[in-house]
Amino acid sequence: MSKIAIMGGGSWATAIAKIVVSHTHHIGWYMRRDDRIADFQRLSHNPAYLTSVRFDTSEIFFSSDINKIAQLYDTLIFVTPSPYLKTHLKRLKTRIRDKFIITAIKGIVPDDNLCCSEYFHKVFSVPYSNIACIGGPSHAEEVAMERLSYLTIGCEDRDKAQAFADIISSNFIKTKVSTDVLGIEYSSVLKNVYAIAAGICSGLKYGDNFQAVLMSNAMQEMQRFLTSVRPMEQRSIIDSVYLGDQLVTGYSNFSRNRTFGTMIGKGYNVKAAQMEMEMIAEGYFGTKCMKEINRHMHVNMPILDAVYNILYERISPQIEIKLLTDSFR
């Protein structure tokens, strides 16, 4: 795993690049825009995201050609917003089934309604043993500031998961491994949905007492879904990769999804909130995908339903959240 490449140019991609390059002292980095690459090389930092993080650009091979990066590197860490993953991969002609694919994307592939691991397996024939995911409570901003963070590496092949975990472990990054790839991926999507719900309730002036009840019910809802989609006796919903990620996304001021939800609760419509944020709230897209997936699963998910009704059916947040509160105990 010495030949590692970052696929994406956002804040989480930048934070992961900081972690990896400090260990390997060389990475490939695919960014879509040549002007962004030129600015990065001139300034020694990402010109658009986490600008305080400095890099030695002599340790980075940049390219806007996704095929060149895929040809040169053995481990590809995909860190793009889920709505744009297919657009990037449409340009990919290089065979990647023998590569080690790591997804740090906390979203579902739209239209296909597949987790990223499923998408790479189905479309590119990558064996599940060669696919891993990164999960856990990990705001890019705090990782960039080297604040203590805990990451879980999920992969069917525990040895490969451990090998990558060893690469990114440091004094501020603690790691563990898991085989629950789908569980981690689905939980990382659902926690964004629930963070939007938390933000909506905040915008509606519900207090901390209710927020705690909302988070509690959200974890019960998440557990019902994960148990239905992939039963695992050894999964504990209170592990940091599930509960921890939910708490930080639901409560933190760094959370885009909570911020987006707060704006909706204050009366913004979806387009206005998206335009003002200028950043992608993955939970908006994840809500629709999870709603469509659950039409086949038939899991009782009232919080998901409420967020969907507010965002896509344009039902009043006041009305929908009031109905939701009446269902809690």
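This one's a predicted model, so the numbers in the text were calculated from it and none came from an experiment.

## Here's the deal with the sheet that holds strand 2 (residues 27-30)
Next, step 1: Reading across from one edge, 3-2-1-4-5-8-9-10 is the order of the 8 strands in this open sheet, with mixed pairing throughout. Whereas interior strands pair on both sides, the edge strands pair on one side only; in this sheet they are strand 3 (60-63) and strand 10 (173-178). Pairs of neighbouring strands in the sheet enclose a mean axial angle of 20 degrees, with direction left out of account.
Next, step 2: Sheet analysis places strand 8 (residues 131-135) next to strand 9 (residues 149-155), joined by 4 bridges and oriented antiparallel. Each bridged residue has a counterpart across the sheet, and for isoleucine 134 the counterpart in strand 9 is isoleucine 153.

## Overview of the side chain of serine 149
Next, step 1: Position of serine 149 relative to the elements: it lies in strand 9.
Next, step 2: Within the structure, the side chain of serine 149 is placed 3.0 Å from the backbone oxygen of arginine 147, a separation counted as a polar contact.
Next, step 3: Setting aside its immediate chain neighbours within four residues, serine 149 contacts Pro137, Val143, Phe172, Ile173 and Lys174.

## Re the packing of aromatic side chains
Next, step 1: Using the criterion set out here, one finds 15 aromatic pairs in the structure.
Next, step 2: Measuring from ring centre to ring centre gives 5.2 Å for tyrosine 284 and phenylalanine 285, while their planes differ by 80 degrees; the resulting arrangement is edge-to-face.
Next, step 3: Look at tyrosine 284 and you get buried, because its relative accessible area is 17%.
Next, step 4: According to the relative accessible area criterion, phenylalanine 285 is partly exposed, its value standing at 26%.
Next, step 5: Pairwise contacts between aromatic rings join Phe260, Tyr284, Phe285, Tyr308 and Tyr312 into one cluster.

## Remarks on helix 5 (residues 116-124)
Next, step 1: Every buried residue of helix 5 is listed here: Cys116, Ser117, Glu118, Tyr119, Phe120 and Phe124.
Next, step 2: Two residues or fewer after helix 5 comes serine 125, characterised by a positive phi angle close to 60 degrees.

## Considering the nonpolar core
Where a protein is soluble and globular, its nonpolar side chains tend to be buried together.
Next, step 1: With 49 residues, the main nonpolar core has Leu214, Phe225, Phe260 and Met290 as its most contacted residues.
Next, step 2: Of all elements in the fold, only helix 8 (181-203), helix 9 (208-229), helix 10 (240-251), helix 11 (256-265), helix 12 (270-277), helix 13 (282-297), helix 14 (302-312) and helix 15 (317-327) reach the threshold of two or more residues within this core.
Next, step 3: Ranked by residues supplied to this core, first place goes to helix 8 with 12 residues.
Next, step 4: Excluding residues that lie within four positions of it along the chain, phenylalanine 260 makes contacts with Ile196, Val270, Ala273, Gln274, Met277, Ala281, Tyr284 and Leu311.
Next, step 5: One finds Ile16, Met31, Phe164 and Ala165 within the second-largest nonpolar core, a separate group that totals 41 residues.

Cut-off values and rules
- Residues numbered from 1 in each chain as written.
- Predicted model: local features only at pLDDT ≥ 70, side-chain atom pairs only at ≥ 80, totals over all residues.
- Heavy atoms only, no water.
- Pairing = 2+ DSSP bridges.
- Helix = DSSP H or I, 4+ residues; strand = E, 2+ residues; numbered from the N terminus.
- Axes fitted to C-alpha atoms, helices over the stretch in contact; angles between N-to-C directions.
- Polar contact = N/O pair within 3.5 Å; in protein donor to acceptor, adjacent residues only side chain to side chain.
- Contact = heavy atoms within 4.5 Å.
- Phe/Tyr/Trp six-rings, centres within 6.5 Å; stacked < 30°, edge-to-face > 60°.
- Buried < 20%, exposed > 50% of the residue type's maximum accessible area, 1.4 Å probe, protein only.
- Core = buried A, V, L, I, M, F, W, Y, C linked by side-chain atoms within 4.5 Å.

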